[in-house]
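Chain by chain, the residues:
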Amino acid sequence: PVWSSDGDTFYYLSEQEGASNIFCSSLSQPDKQKQITKHDKHPVRFLSVAADGTLCYTYDGDIYLKKGSAAPRKLAVTMTSDDVSADRQLLPVRMGSDAALSPDGKQLAFVFRGEIFVTSTDYATTKQITHTAASEADVCFSPDGRKLAYASERDGKWQIFTAELSRKEDVNFAYATTVVEKPVFKDNKLDRRAPLFSPDGK
C-alpha cells in the first residue's frame, strides 16, 4: 500500500478481480474499494505514488504512469551503457607536445594531457602508452624503435621510465598488444629529466 497526499486515501495491489491491479480505498470509507487499473495478462508490480497523486508502476516489463482518470501512459525508456571495460574507448587527441620521431620515421611519440601517446605516420592509429595520475614529458625513441624513454613526475620527483614492446610480433607501439614499463633508476629521491638513448641503445 501507498498513501495519497491527503493522508486518507491509499492505493494497493490486489488480485481480487483476477490479475494483480491497482485498487484504492480510504480510512474514512474502508468498506469501499475502487479498481484503478484493468490490466489482464500480467500482474501490476512496484507501485508508488507522487505528491501530486500520479501513480507509477510496472507492467509486463515496462514503466507506466497514471494520473487521475486519465488512461495509463507507458514511458519510453532507453538504456545507455556505461561499461568501462569496453574493448575500445575514443579520446580526442589534439595539440600534443614533446614530439619525437622514431628512427625509421614510422612512429611519432608525443605528450598529450600529461600522458605519452604514439601514433603511426602511415595510418590513423594512435595508442596511449601511459595511464597515470602523474605528468609525463621528454619522450624519446631507442635506436631500434622498440623502446621509449621519458620522464614522469611520480611521488613528487621526476623519474626516468622506459616502455618497451614485449612481443617480437609487435612491430610498433601504435599496434602493440602489450607494453612493459620499467623505472630506470632504483633511487627515486632525485629529479631526473630529458633522457636520450646512446647510439647502441644501451
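Focus on the overall build of the chain
Per the secondary structure count, the chain includes zero helices and 16 strands. Seen along its three principal axes, the alpha-carbon backbone of the chain occupies a region of about 95 × 40 × 30 Å. Buried positions account for 35% of the 202 residues belonging to the chain. Long-range contacts, defined here as pairs at least 24 residues apart, represent 30% of the contacts in the chain between residues at least 6 apart. Surface accessibility of the chain: about 13400 Å² in total, with carbon and sulfur atoms responsible for 51%.

Considering the side chain of Ser20
Residue position: Ser20 is located in the loop between strand 2 (9-14) and strand 3 (21-26). Not counting residues within four places of it along the chain, the set of residues in contact with Ser20 comprises Leu13, Ser14, Glu15, His42, Pro43 and Val44.

Remarks on a nonpolar patch on the surface
Taken together, the side chains of Ile63, Val77 and Met79 define a hydrophobic patch exposed on the protein surface, amounting to about 330 Å² of accessible area. By the element assignment, Val77 lies in the loop between strand 8 (73-74) and strand 9 (97-101).

Focus: the pairing of strand 5 (residues 44-49)
Residues in a regular strand point their side chains to alternate faces of the sheet. As paired strands, strand 5 and strand 6 (residues 55-59) are joined by four bridges and run antiparallel to one another. Paired with Val49 across the strands is Leu55, a residue of strand 6. Counted between consecutive antiparallel strands, the loop separating strand 5 from strand 6 contains five residues, among which Gly53 sits at a positive phi close to 90°.

Points about the pairing of strand 15 (residues 157-165)
Burial analysis of strand 15 places seven of its nine residues in the buried class, the great majority of the element. With eight bridges joining them, strand 14 (residues 147-154) and strand 15 adopt antiparallel strand pairing. Along strand 15, the bridge assignment pairs Tyr150 with Phe161. Here five bridges tie strand 15 to strand 16 (residues 179-183), and the two strands are oriented antiparallel to one another. For Glu164, the partnering residue across the bridge sits in strand 16 and is Val180.

A closer look at the sheet that holds strand 15
Judged by pairing direction, the sheet is antiparallel, and its four strands sit side by side in the order 13-14-15-16 without closing on themselves. Only two strands of the sheet have a single partner each, and these edge strands are strand 13 (136-141) and strand 16. Neighbour-to-neighbour, the strand axes of the sheet open up by a mean angle of 25°, direction not taken into account.

Some thoughts on the sheet that holds strand 8
The strands making up a sheet are joined through hydrogen bonds of the backbone, oriented either antiparallel or parallel. The strand order across the open sheet built from four strands is 5-6-7-8, with neighbouring strands paired in antiparallel fashion. Single-partner strands in this sheet number two, and they are strand 5 and strand 8. Relative to strand 8, strand 7 (residues 62-66) is paired through two bridges, and the arrangement is antiparallel. What sits directly across from Tyr64, in strand 8, is Lys74.

About the cut-offs
Residues numbered from 1 in each chain as written. Predicted model: local features only at pLDDT ≥ 70, side-chain atom pairs only at ≥ 80, totals over all residues. Heavy atoms only, no water. Helix = DSSP H or I, 4+ residues; strand = E, 2+ residues; numbered from the N terminus. Buried < 20%, exposed > 50% of the residue type's maximum accessible area, 1.4 Å probe, protein only. Contact = heavy atoms within 4.5 Å. Areas by Shrake-Rupley, 256 points an atom, 1.4 Å probe, with all protein chains shown as cover. Patch = residues over 30% accessible without salt bridge, like charges linked within 9 Å, V, L, I, M, F, W, Y side chains within 5 Å. Salt bridge = Lys/Arg side-chain N within 4 Å of Asp/Glu carboxyl O. Pairing = 2+ DSSP bridges. Axes fitted to C-alpha atoms, helices over the stretch in contact; angles between N-to-C directions.

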